[in-house]
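Working through the structure, step by step
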Amino acid sequence: MIPGNKKRIIIPTTFIIFGATGDLIRRKIALSLLNLFCKGFMPEKFQVIGISRRDYTDKQFRDFIFENSFKNLKNNFSRADIENFLKKIIYIKGYFNEKSTYEKIKKRLYKNTNSLNFCDNKLYYLAVPPRFYIDIFNNLADSGLTLSCDPKSGWTRVLVEKPFGRDMSTAAKLDQVLGKLFMEEQIFRIDHYLAKDTIRNILFFRFSNIIFEPIWNNKYIEKVEIKLLEDLDIGTRGSFYDNIGALRDVGQNHILQMLALIAMENPSGQSAEKIREGRVKVLKSLVAINKPEDIEKNIIRGQYDGYRDHKDVESTSKTETYFNIKAHIANKRWKDVPFYLESGKALERKKTEIILYFRKTINCLCPRGNKDSRQRNILSIKISPREGIFIRFWAKKPGLYSDLEPRDLEFEYNKIEDKNTDEYDKVMLDCMRGDQTLFTSTEEVKLAWKYITPILRNWSNTKLHIYEKGTHTNI
Ligand code: BG6
């Protein structure tokens, strides 16, 4: 079940997706829309307009979606459900920088087979590389596609993918354009990590249990590790990735958002405003790493051997596929606690996890002479591939002696039966409902870039470690 009430949206809604034949629609968006449709969460009347450069008719585009997204589905969607959903999809061939594309959208919004009206809800989804954003925003505005018909008519919202910009100044420029056309409540910047159940659970877990919050600080926690490690390499994403690198791809967004949730204060309420404010405060307190010598001391960056052989990657590319940053937060709670932020491609295995290492027990009843430095408590929030929360504690080994041994308390998500929703289901649903809690605010994006930009600016002079594919971490 998708959380939240199941009240259906009454105003008909059109989803206009730029980049409709891309990787994202194939892997995520189409499936999420189908899932919401089959579970009764879509508006009573809706249509999906896909826009891309390929020469497709509506029928060919529907076949494309079926082949790429639905054909091998293991879920129990009936053929009739899939067909009914596909009927809602139409296609427009067009280039994002050409005015004629937007004229075609307008025409199809006015006159279409699904009997929706131009004045109804319009959701523009930019599933395209960030370099197209400015063109799309400007053209949407110039063609009048962002205007409401009257105050009582439907909403217009825009969903954008990350990374939002390349650095502080490009993000600010994008914000300037976006800010002219849309109000903050119309802008939904996706960070799909925020919509993962395991990550959403961080705040509930921290602030719904009396036993954790009192020790969630530098007095009891020695260090925190946030890892987003992947076994896969960049595959066919060479042209996207070589321009971006690991730090922009997942550091500026997913990893800093996980850090913000682990480190923030109690938001004292579940409203989007309060939770975003809490995340903002953490990002504001990050200690800048901006001098070359600090970068050298606190950051490792790497590239896997063979990266430069990928299609569309420069043969002399210095783009990082791995980083490990020792970050600090300058506030009372976290003073002197290092947060290790680590991510990499083509590593030994996929593992996304947040681990809190507690300090040594004071006056421990440890066996005499036991100097085992591992004898600490550990709390681990596992995000992928295992999902759950694990607590490592020490207990007496059964038997005649007084030895200790580690034991785990665990809660695992995959033991729960109804877990067949994806984070993109939640992203789409919350955007339709206008709930921005799981989306990043303008301020958060700005602060994340503020932290990342000096690192990016300086680290081309620091050593780039070349690692073997399949390497264990800690390069
Ligand atoms: C995406 C990045 O945002 O997140 C990818 O662009 C990365 O490079 C992916 O692989 C990881 O997400 P997940 O949900 O598979 O852990």
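For the structure given in this document, a descriptive report is provided here. (Residues numbered from 1 in each chain as written. Predicted model: local features only at pLDDT ≥ 70, side-chain atom pairs only at ≥ 80, totals over all residues. Heavy atoms only, no water.)

What follows is about the overall build of the chain. Secondary structure assignment for the chain yields 13 helices and 16 strands. By the compact-globule yardstick of 23 Å for 475 residues, the chain fits well, its C-alpha radius of gyration being 24 Å. Structurally, the chain occupies a C-alpha span of about 80 × 50 × 40 Å along its principal axes. Of all 475 residues assigned to the chain, the portion counted as buried reaches 53%. Intrachain contacts of the chain at a sequence separation of at least 6 include 77% that bridge at least 24 residues. If you sum the accessible surface of the chain, you get close to 22,900 Å²; carbon and sulfur atoms cover 50% of it. Distance between charge centres in the chain, computed from 81 positive and 61 negative side chains, equals 2 Å. (Helix = DSSP H or I, 4+ residues; strand = E, 2+ residues; numbered from the N terminus. Rg over C-alpha atoms; globule rule 2.2 N^0.38 Å. Buried < 20%, exposed > 50% of the residue type's maximum accessible area, 1.4 Å probe, protein only. Contact = heavy atoms within 4.5 Å. Areas by Shrake-Rupley, 256 points an atom, 1.4 Å probe, with all protein chains shown as cover. Lys, Arg positive; Asp, Glu negative; His and termini not counted. Charge placed at Lys NZ, Arg CZ, Asp CG, Glu CD.)

Throughout the structure, instances matching the rule amount to 22 aromatic pairs. Consider the rings of Tyr-322 and Tyr-467, whose centres lie 5.9 Å apart with planes at 65 degrees: the pair is edge-to-face. Within this pair, whereas Tyr-322 is found in strand E9 (residues 322-327), its partner Tyr-467 is found in strand E16 (residues 464-467), the two being separated by 145 residues in sequence. Take Tyr-322: its relative accessible area is 0%, and that puts it in the buried class. (Phe/Tyr/Trp six-rings, centres within 6.5 Å; stacked < 30°, edge-to-face > 60°.)

Packed helices, taken two at a time, are described by the angle between their axes plus the distance between the axes. The N-to-C vectors of helix H7 (residues 197-207) and helix H9 (residues 245-263) enclose an angle of 10 degrees; their axes lie 9 Å apart at closest approach. Relative to H9, H7 is oriented roughly parallel. Where H7 abuts H9, its residues Ile-199, Ile-202, Leu-203 and Arg-206 lie against Met-258, Leu-261, Ile-262 and Ala-263. Classifying every residue of the contact of H7 with H9 by side-chain character gives seven nonpolar, no polar and one charged. (Axes fitted to C-alpha atoms, helices over the stretch in contact; angles between N-to-C directions. Parallel < 35°, antiparallel > 145°, perpendicular 65-115°, else oblique. Nonpolar A, V, L, I, M, F, W, Y, C, P; charged D, E, K, R; others polar.)

Bringing the nonpolar core into the picture now. Formed by 136 residues in total, the largest nonpolar core has its most connected members in Phe-18, Tyr-125 and Phe-339. For this core, the leading source of residues is H9, giving 11 residues. Not counting residues up to four positions away in its chain, the partners in contact with Phe-339 are Val-224, Leu-259, Ile-262, Ala-263, Ile-325, Lys-326, Ala-327, Ile-329 and Trp-334. (Core = buried A, V, L, I, M, F, W, Y, C linked by side-chain atoms within 4.5 Å.)

Taken together, Lys-162, His-192, Tyr-193, Lys-196, Glu-230, Arg-237, Asp-249, His-254, Lys-345, Lys-350 and Glu-423 form the complete shell of residues around the ligand. A distance of 2.7 Å separates an oxygen atom of the ligand from a polar side-chain atom of Lys-196. Within the side chain of Glu-230, a nitrogen or oxygen atom sits 2.5 Å from an oxygen atom of the ligand. A total of 400 Å² of accessible area belongs to the ligand in isolation, and the protein chains cover 79% of it. Here the residues of the shell around the ligand sort into one nonpolar, two polar and eight charged. (Near = heavy atom within 4 Å. Polar contact = N/O pair within 3.5 Å; in protein donor to acceptor, adjacent residues only side chain to side chain.)

Our focus in this paragraph is the sheet that holds strand E13 (residues 388-396). In any sheet, the strands associate via hydrogen bonds between backbone groups, in a parallel or an antiparallel arrangement. Read from one edge to the other, the open sheet built from nine strands follows the order E14-E13-E12-E11-E7-E10-E9-E8-E16, with strand pairing classed as mixed. Each edge of the sheet is formed by a strand with only one pairing partner; in this case those strands are strand E14 (404-412) and E16. Adjacent strand axes in the sheet meet at a mean angle of 15 degrees when their direction is disregarded. Note that strand E7 (residues 221-229) and strand E11 (residues 351-358) share eight bridges and pair antiparallel. Among the inter-strand pairings, Leu-228 is bridged to a residue of E11, identified as Thr-352. Lying on the sheet, H7 is in contact with E11, strand E12 (378-384), E13 and E14; it crosses E12 at an angle near 150 degrees. (Pairing = 2+ DSSP bridges.)

For the rest of this paragraph, the subject is the pairing of E13. Examined bridge by bridge, E12 and E13 share five bridges and lie antiparallel to one another. Within E13, the residue paired with Leu-379 across the bridge is Ile-391. Bridge count for E13 against E14 is nine bridges, and the pairing is antiparallel. By the bridge assignment, Trp-394 is partnered in E14 with Pro-406.

Looking now at the pattern of salt bridges. Counted by the stated rule, this structure contains 32 salt bridges. Between Arg-200 and Asp-197 there is a salt bridge, and its shortest N-O distance comes to 3.6 Å. One end of the pair is Arg-200 and the other is Asp-197, both in helix H7 and three residues apart, which spans about a single turn. Exposure remark for Asp-197: the relative accessible area of 35% places this residue in the partly exposed category. Linking Glu-443 and Lys-446 is a salt bridge whose minimum nitrogen-to-oxygen distance equals 4.0 Å. Pair noted here: Glu-443 and Lys-446 are both in helix H13 (residues 442-458), with a separation of three residues, about one helical turn. Its relative accessible area of 30% is what places Glu-443 among the partly exposed residues. Take Lys-446: its relative accessible area is 49%, and that puts it in the partly exposed class. One network of salt bridges, in which partners are shared, links Lys-28, Lys-196, Asp-422 and Glu-423. (Salt bridge = Lys/Arg side-chain N within 4 Å of Asp/Glu carboxyl O.)

Function cannot be read off these values alone, since they describe shape.
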